[in-house]
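Residues per chain, in single letters:
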Amino acid sequence: MASKTKDAPTHSKAGEIQLKTRLGKAQQLELFRWMVVNREFDNKISLLYRRGLVIGAAFSSLGQEATSCASAYALEKTDIIAPMIRNAGATLVKGLPPRDFLANYMYRTNSPTGGRDGNTHMGDLRYGIIAPISMLGASIALCSGFVLGARLKGEKRVALTWIGEGSTSTGEFHEDVNFAAVMRAPLVVIIENNQYAYSTPVKGQCLAEHFADKAIGYGIKNAVTIDGNDANAVYEASRDAIDRARAGEGAQMFEVLTYRRKGHAEHDPAKYVDKTVHDYWTARDPLTRYEAYLKELGYIDDKGVAKMTEEIRAGIEADEEWVMKQPKPDPKTVTQGVYAGEPHPAHEKDEYLARKYR
Ligand SMILES: Cc1ncc(C[n+]2csc(CCOP(=O)(O)OP(=O)(O)O)c2C)c(N)n1
């Protein structure tokens, strides 16, 4: 006869969420809240883009909220992240106020880049956020440098970065992961397998069964492949990897299976996407699943979800109002503040800098 433990369910009935988690009730509710913030923030960016207020690319993480938020949620305050284009959620979890992010998208002086960038290429070291690098893969080397420097100072800081499955085909990815592994850098790399790299499906990227298999070639152990739309599964795998990195076990890597529900950016209608793939993943939406699970546990009800969502929406509306009142940079200052150590004239008298160095 099968033992009781063997028969015990591993996943909730509603939402099919992994039941085994170190997160308590309050933390799971907080994590859910972050995912709602991520989604509402994305919705706002999408609307602003359609109103012509975001010039350039607007990247959505619709459908990838669990991947982004639950992994960042497993970090300590002193840890660092190097987000990529699908990691608005992680950036917000790590502490960047949504209004600063919105202000960056709308190139205002009171924003992390002082209006130099029009989307996500911004960081803020007060929150442990390194600005994303556009050349895919390069953030891994940057993270290694940061945490190896911290190790020299005797600090136990861990870096977390994400990479799309398409970007694992770049030469930089191989060089950087190998370097991080050899140096035993306290770094975690999450491969976000969201089924498409721009218009290229996974089969056009890699013949290995799992992208996580790439880790074996660098001597990185425990590279699991998990359900990236299950917030508890993402939290647990991230926490395990972060703990191992912090304990001195070297660079860690694992793969999350998820799906990019919109095109590469808002301008891309993604007509190349296979409808079966789209429908499969749409039915496995990370927020819907986590909400169903939390309701099954009795942690929240419909009223609670509506109240939470309304509060978050109102906050983002207020942020938008604030951003609209902020100035855009003077074109004459375009060449200023480019190099480190130089004063940033766009920031000189503004509120962002005042808060930054308070
Ligand atoms: C070295 C390099 N090559 C090409 C690009 C252009 N580019 C930006 S994002 C992207 C697709 C990335 O796909 P993936 O890594 O799967 O991430 P996803 O967008 O699916 O999250 C490409 C080709 C770039 N930024 N850097």
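Rules used in this analysis
- Residues numbered from 1 in each chain as written.
- Predicted model: local features only at pLDDT ≥ 70, side-chain atom pairs only at ≥ 80, totals over all residues.
- Heavy atoms only, no water.
- Phe/Tyr/Trp six-rings, centres within 6.5 Å; stacked < 30°, edge-to-face > 60°.
- Helix = DSSP H or I, 4+ residues; strand = E, 2+ residues; numbered from the N terminus.
- Buried < 20%, exposed > 50% of the residue type's maximum accessible area, 1.4 Å probe, protein only.
- Patch = residues over 30% accessible without salt bridge, like charges linked within 9 Å, V, L, I, M, F, W, Y side chains within 5 Å.
- Areas by Shrake-Rupley, 256 points an atom, 1.4 Å probe, with all protein chains shown as cover.
- Salt bridge = Lys/Arg side-chain N within 4 Å of Asp/Glu carboxyl O.
- Pairing = 2+ DSSP bridges.
- Right-handed = clockwise from strand over helix to strand, strands pointing away.
- Core = buried A, V, L, I, M, F, W, Y, C linked by side-chain atoms within 4.5 Å.
- Contact = heavy atoms within 4.5 Å.
- Disulfide = S-S within 2.5 Å.
- Axes fitted to C-alpha atoms, helices over the stretch in contact; angles between N-to-C directions.
- Parallel < 35°, antiparallel > 145°, perpendicular 65-115°, else oblique.
- Left-handed = near helix turned anticlockwise from the far one by under 90°.
- Nonpolar A, V, L, I, M, F, W, Y, C, P; charged D, E, K, R; others polar.
- Near = heavy atom within 4 Å.
- Polar contact = N/O pair within 3.5 Å; in protein donor to acceptor, adjacent residues only side chain to side chain.

1. Some thoughts on the packing of aromatic side chains
Scanning the model with the defined rule gives 9 aromatic pairs in all. Centroid distance Phe173 to Tyr218: 6.4 Å. Interplanar angle 80°. Geometry classified as edge-to-face. With Phe173 in helix H7 (residues 171-182) and Tyr218 in the loop between strand E5 (200-201) and strand E6 (225-227), this pair connects stretches of sequence that are 45 residues apart. Look at Phe173 and you get buried, because its relative accessible area is 0%.

2. Details of a nonpolar patch on the surface
Taken together, Phe179, Val182 and Met183 make up a surface patch of nonpolar side chains, about 270 Å² in accessible area. Given the relative accessible area of 36%, Met183 is considered partly exposed.

3. Describing the pairing of strand E2 (residues 159-164)
A large share of E2 lies buried, amounting to 5 of its 6 residues. Across 3 bridges, the pairing between strand E1 (residues 80-82) and E2 is parallel. By the bridge assignment for E2, Ile80 is matched with Ala159. Sheet analysis places E2 next to strand E3 (residues 187-193), joined by 6 bridges and oriented parallel. Counterpart to Gly164 in the pairing with E3 is Glu192. Since E2 and E3 lie parallel, the crossover through H7 that links them has a hand, and here it is right-handed.

4. Quick word on the nonpolar core
Counting residues in hydrophobic clusters, the biggest one holds 65 residues, and the most contacted among them are Phe41, Val188 and Tyr290. Among the elements that line this core, the one with the most residues is helix H2 (residues 25-50), at 9 residues. In this view, Phe41 contacts Ala88, Leu92, Pro98, Phe101, Leu102, Tyr105 and Ile316; residues no more than four positions away in its chain are not counted. Formed by 24 residues, the second largest nonpolar core is a distinct cluster that contains Cys143, Val147, Leu187 and Tyr218.

5. With respect to the state of the cysteines
Evaluation of the coordinates by the stated rule reveals 0 disulfides. Free of any disulfide, Cys143 has its nearest neighbouring cysteine sulfur in Cys69, separated by 18 Å.

6. Re the environment of Arg33
Along the chain, Arg33 falls in helix H2. Classification of Arg33 by relative accessible area gives partly exposed; the value is 34%. It is 8.2 Å that separates the C-alpha atoms of Arg33 and Thr309, two residues lying 276 residues apart in sequence. The residues touching Arg33, leaving out its near neighbours within four places in the chain, are Met308, Glu311 and Ile312.

7. A short note on the packing of helix H3 (residues 65-73) against helix H8 (residues 231-246)
Closest axis-to-axis distance for the H3/H8 pair is 8 Å, and the angle between their directions is 40°. Here H3 lies oblique to H8, going by the angle between them. Taken as a pair, H3 and H8 cross one another with a handedness that is right-handed. Two secondary-structure elements touch here, H3 through Ala66, Thr67, Ala70, Ser71 and Tyr73 and H8 through Ala231, Val234, Tyr235, Ser238 and Ile242. When grouped by side-chain class, the residues that make up the contact of H3 with H8 number 7 nonpolar, 3 polar and no charged.

8. Regarding the site of the ligand
Around the ligand, 14 residues are found, and the nearest of them are Arg86, Ser134, Ser167, Asn194 and Tyr196. Leu136 places a polar main-chain atom, nitrogen or oxygen, 3.2 Å from a nitrogen atom of the ligand. Protein chains bury 68% of the 580 Å² of accessible surface belonging to the ligand in isolation. Of the residues contributing to the shell around the ligand, the split by class is 6 nonpolar, 6 polar and 2 charged.

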